[in-house]
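Observations on the three-dimensional arrangement
In case you want the letters, here they are:
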Amino acid sequence: MTRLRLAGSLLLAGLVGLTACTGGDQPPPTAVVDRGVVSTGVSASGSLVSITQQNLGFTDGGRVTELLVEVGETVAAGQPLARLDDAEARSQVAAAQAGLDQQQASLGKLTGANTVEAAQASLASAESVLAATRDQVGAQNAANDTAVERARVQLAFDRKQLAAAQEKLETDRRACKRSGGSTASATPEPTADPSGGGLLGGLSGGSGTSGGSGLGAATTDPACTAVATDEQAVTTAKGQVITSQTALAQAEGTRDTGAASGRVSIANAESAVSDARSQLTGANNDAPADVAVQDAVVADARNTLADAQRALDDTLLRAPVAGTVSAINGAVGDVVPAASAATALAPGTDARIPQAVGSASAASGGAGAVGGGASAAGGAPFLTLNDLQTYQLVVPFEESDAARVAPNQTVDVTVDALPGVSLPATVVAVAPTATQLSGVVSYYATVVLNRTDPQLRDGQTAQADVRTEARNGVLRVPNTAVRQEGGRSVVDVPGDDGAAVTRQFVPGLVGDQFTEVRSGLDDGQQVLLPQATVEATPGRPGGGPGGGGQGGN
């Protein structure tokens, strides 16, 4: 609704003709036609908000691991405010980086790392390795074959030695048996000659060979003595044969293993040659379209990495602008959701439209009572950052009043909590679209205070009186003295005999307090005021001079 306020100072001439007698008739009050400001205006109430407010939150939800500021703390632009657990985000960055590296390597193969010359060199190198591998395998196989052959020769020799030892053993055994000797002892024990003739060699058979009957012991056949030695020789020969058989088996195993390993080495070298030939073929057949496709794949991988890095960066909440922390809705260890709140901005600025302005309670009281609600639309943000150095007033005007409000108009702002304080302000912008407030079509307007006051607080209720039109230094007459007769503007002036004389004049701008005079009245001329506008002052008869009747507007 429109609320009329004083737009300039009212200069009233002293009331004339007051009688000194108690109970006498009081002359009609008068005012003086003068020059000054004639203005019109509209009024509305709203809430003070900081010049800028940032409702901050995390792009993705998570667990709060660090809270780096406190409510009321002043922060600089870019300063860290809070941090979420970033382990998963770091893992995503590492995976995206690996994917980009892989795709860039594939692109390198197409554009430079696998040219025809490089592919030819790779093929030549692979063929050289194949030839060397074949030579090495052949030499190793030959050495292994030689070792097997030597083991076979040694085994054959040892077997012949065993056969010879066995044959000698059988021969000595037969000879010993024919002689009737004993094979129990390989060496006869010497016996003493009782006649002092020396030692007598014991011979098998029990009688001497040279008239030796009557000797003390029989001699032993040499064949019998050799049997024990022959048996030992056979045992040794058998052990040597076993050793040679083992050596042959080992040599054959080494030969077979070496041959298999050699075949594998040759196959690997042949596979490398085949791959090199394929790369050479691919290098000769690479088309620009293949490079273009891989370029696109690399670009996609780069975007994936950028998204992952951005998600990692978003785990650290920073102040986008300098300001004061006015609210924090979370603590270390809390799991917070992704930011979903949106801030409704006032027209023409970054200031928000206070929630209470659009609330049912505010609307039900007209544009008047406005609370200090500061939460953003859609839910409370994790952290709120305000610039509390400068304030704005966001007010809704009914459509009839909004049509008269325009940018750059002068505004007088009064704050309910600060009686007697009036702050100059300016209209910044008016919303181009309407908002329904309890069924009333209204338009938000943003008013910026031209100066501030340390007593101001975000959310305080204030009233904006907008001067929609003003003319300075024009001839004017108080609105209370003007009336309409026959569609003409007239006033009453004192006549020569003291009676009221009606005088017509041409009006200009009709303001909230005064009407502009285009012609018909003179500067300094007195006009009569309606008697009903003068109120008696307590303790003074009939009221005092000064035209208290203007208070009725």
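Numbering of residues begins from 1 in every chain and follows the order in which that chain's sequence is written. For this predicted model, a pLDDT threshold of at least 70 governs which residues receive local features, and a threshold of 80 or more governs which side-chain atom pairs are given and counted, while totals over whole chains, interfaces and linings are taken from all residues. As a rule here, side-chain values come from all non-hydrogen atoms in the structure, and water together with hydrogens is ignored.

Here we take up the overall build of the protein. Secondary structure assignment for the protein yields six helices and 22 strands. Categorising residues by exposure relies on relative accessible area from a 1.4 Å probe, with only protein chains included: less than 20% of the type maximum marks a residue as buried, more than 50% marks it as exposed, and the intermediate range marks it as partly exposed. Residues counted as buried form 35% of the 553 residues belonging to the protein. By definition in these notes, contact holds between two residues if any of their heavy atoms fall within 4.5 Å. Considering only contacts in the protein between residues 6 or more positions apart, those separated by 24 or more positions represent 76%. Every accessible area reported is derived by Shrake-Rupley at a probe size of 1.4 Å, with residue values counting cover from the shown protein chains alone. Accessible surface, the protein: about 29300 Å² in total, of which carbon and sulfur atoms supply 52%. By the criteria applied, helices consist of DSSP H or I runs no shorter than four residues and strands consist of E runs no shorter than two, each listed in order from the N terminus.

At least two bridges found by DSSP between two strands is the condition for calling them paired. Here strand β4 (residues 62–67) pairs with strand β9 (residues 335–336) via two bridges, running antiparallel. Bridged to arginine 63 within β9 is valine 335. As paired strands, β4 and strand β6 (residues 80–84) are joined by three bridges and run antiparallel to one another. When the bridges of β6 are listed, valine 64 appears paired with leucine 84.

Judged by pairing direction, the sheet is antiparallel, and its four strands sit side by side in the order β7-β6-β4-β9 without closing on themselves. One side of each edge strand has no neighbouring strand; the edge strands of this open sheet are β7 (316–318) and β9. Judged from the three bridges that link them, β6 and β7 form a sheet pairing that is antiparallel. Paired with arginine 83 across the two strands is leucine 316, which belongs to β7.

If you trace the three strands from one edge of the open sheet to the other, you get β17-β18-β19, paired in antiparallel fashion. Whereas interior strands pair on both sides, the edge strands pair on one side only; in this sheet they are β17 (483–485) and β19 (500–504). Put simply, the sheet's adjacent strands are angled 50 degrees from each other on average, direction ignored. Where β17 meets strand β18 (residues 488–494), three bridges bridge the pair, whose relative direction is antiparallel. Pairing of glutamate 485 across the sheet is with arginine 488, part of β18. In this analysis an axis means a line fitted to C-alpha atoms, helices contributing only their contacting stretch, and an angle means the value between N-to-C directions, from 0 to 180 degrees.

Glancing now at unusual backbone geometry. Negative phi characterises most residues that are not glycine, and trans characterises most peptide bonds. Even without glycine at this site, asparagine 408 takes up a positive phi of about 75 degrees. Residue position: asparagine 408 is located in the loop between α6 (399–402) and β12 (410–415). Classification of asparagine 408 by relative accessible area gives exposed; the value is 66%. Backbone geometry places serine 438, a non-glycine residue, at a positive phi of 55 degrees.

Two cysteine sulfurs form a disulfide in these notes if their separation is within 2.5 Å. Applying the stated criterion to the full structure yields one disulfide. With its sulfur 1.7 Å from that of its partner, cysteine 176 forms a disulfide with cysteine 224. Handedness of the cysteine 176-cysteine 224 disulfide follows from its S-S torsion of about 105 degrees: it is right-handed. Within this pair, whereas cysteine 176 is found in helix α2 (residues 116–179), its partner cysteine 224 is found in helix α3 (residues 222–285), the two being separated by 48 residues in sequence.

A side-chain nitrogen of Lys or Arg and a carboxyl oxygen of Asp or Glu constitute a salt bridge if their distance falls within 4 Å. If you walk through the whole model with that rule in mind, you get 18 salt bridges. Note that aspartate 86 and arginine 90 form a salt bridge whose closest N and O atoms lie 3.1 Å from each other. The class for arginine 90 is partly exposed, based on a relative accessible area of 49%. The shortest N-O distance in the salt bridge between arginine 173 and glutamate 231 comes to 2.7 Å. In this pair, arginine 173 is assigned in helix α2 and glutamate 231 in helix α3, connecting sequence segments 58 residues apart. Residue classification places arginine 173 among the partly exposed residues on the basis of a relative accessible area of 37%. Under the relative-accessibility criterion, glutamate 231 is labelled partly exposed at 34%.

What follows covers the packing of aromatic side chains. Ring pairs are drawn from Phe, Tyr and Trp, using the six-membered ring of Trp, whenever the two centres fall within 6.5 Å, and their geometry is named by plane angle: stacked under 30 degrees, edge-to-face over 60, tilted for the rest. Taken as a whole, this structure holds one aromatic pair when the rule is applied. Centroid distance phenylalanine 58 to phenylalanine 382: 5.3 Å. Interplanar angle 50 degrees. Geometry classified as tilted. With phenylalanine 58 in the loop between β3 (53–56) and β4 and phenylalanine 382 in the loop between α5 (360–364) and β10 (383–386), this pair connects stretches of sequence that are 324 residues apart. No difference in accessibility class separates phenylalanine 58 from phenylalanine 382, as the two residues are buried.

What follows is about the side chain of aspartate 453. Within the secondary structure layout, aspartate 453 lies in the loop between β15 (440–449) and β16 (461–478). In this structure the side chain of aspartate 453 is engaged in a polar contact, spanning 2.8 Å, whose partner is the backbone nitrogen of glutamine 455. Two N or O atoms form a polar contact when they lie within 3.5 Å of each other; inside protein one atom must be a possible hydrogen donor and the other a possible acceptor, and for residues adjacent in sequence the pair counts only when both atoms belong to side chains.

Bringing the environment of aspartate 158 into the picture now. Mapped onto the secondary structure, aspartate 158 falls in helix α2. Between the C-alpha atom of aspartate 158 and that of threonine 243, which follows or precedes it by 85 residues, the distance is 9.3 Å. Ignoring anything within four residues of it in the chain, the contact list for aspartate 158 reads Ala237, Gln240, Val241 and Ser244. At a separation of 3.3 Å, a polar atom in the side chain of aspartate 158 contacts the side chain of glutamine 240.

This part is about the nonpolar core. To qualify as a nonpolar core, a set must consist of buried Ala, Val, Leu, Ile, Met, Phe, Trp, Tyr and Cys residues joined through side-chain atoms within 4.5 Å. In this structure, Leu48, Leu393, Phe397, Val411, Val413 and Leu456 are the most contacted members of the largest nonpolar core, which totals 24 residues. Listing elements by their share of this core, those giving two or more residues are β2 (34–50), β11 (391–398), β12, β13 (422–430), β15 and β16. Here the element with the most residues in this core is β11; it accounts for four residues. Contact partners of leucine 48, with chain neighbours within four places excluded, come to Tyr391, Gln392, Leu393, Val415, Leu449, Leu456, Arg457, Asp458, Gly459, Gln460 and Ala462.

Let us look at the environment of serine 489. One can find serine 489 in strand β18. Sequence separation of serine 489 and glutamine 504 is 15 residues, and the distance between their C-alpha atoms is 5.9 Å. Beyond its immediate chain neighbours, meaning those up to four positions away, serine 489 contacts Val482, Arg483, Gln484, Arg503, Gln504, Phe505 and Pro507. Within the structure, the side chain of serine 489 is placed 3.0 Å from the side chain of glutamine 484, a separation counted as a polar contact.

Further remarks concern the environment of serine 278. As for its placement among the helices and strands, serine 278 is situated in helix α3. Spatially, the C-alpha atoms of serine 278 and leucine 123 are 9.2 Å apart, while their sequence positions differ by 155 residues.

Our focus in this paragraph is the side chain of aspartate 172. As for its placement among the helices and strands, aspartate 172 is situated in helix α2. Among all residues touching aspartate 172, those that are not within four sequence positions of it are Ala223, Ala226, Val227 and Asp230.

This part is about the confidence of the model for the protein. On average, residues of the protein carry a pLDDT of 78, and 75% of them reach 70 or more. pLDDT measures the predictor's confidence residue by residue and takes values from 0 up to 100. Ranking the helices and strands of the protein by mean pLDDT puts strand β21 (residues 514–519) first, with 94, and α5 last, with 35. A low-confidence stretch, residues 184–218 stays under pLDDT 50, and its non-local contacts, those more than four residues away or across chains, total 36 contacts. Every residue in residues 533–553 is under pLDDT 50, and counting partners more than four places away or in other chains gives 25 contacts.

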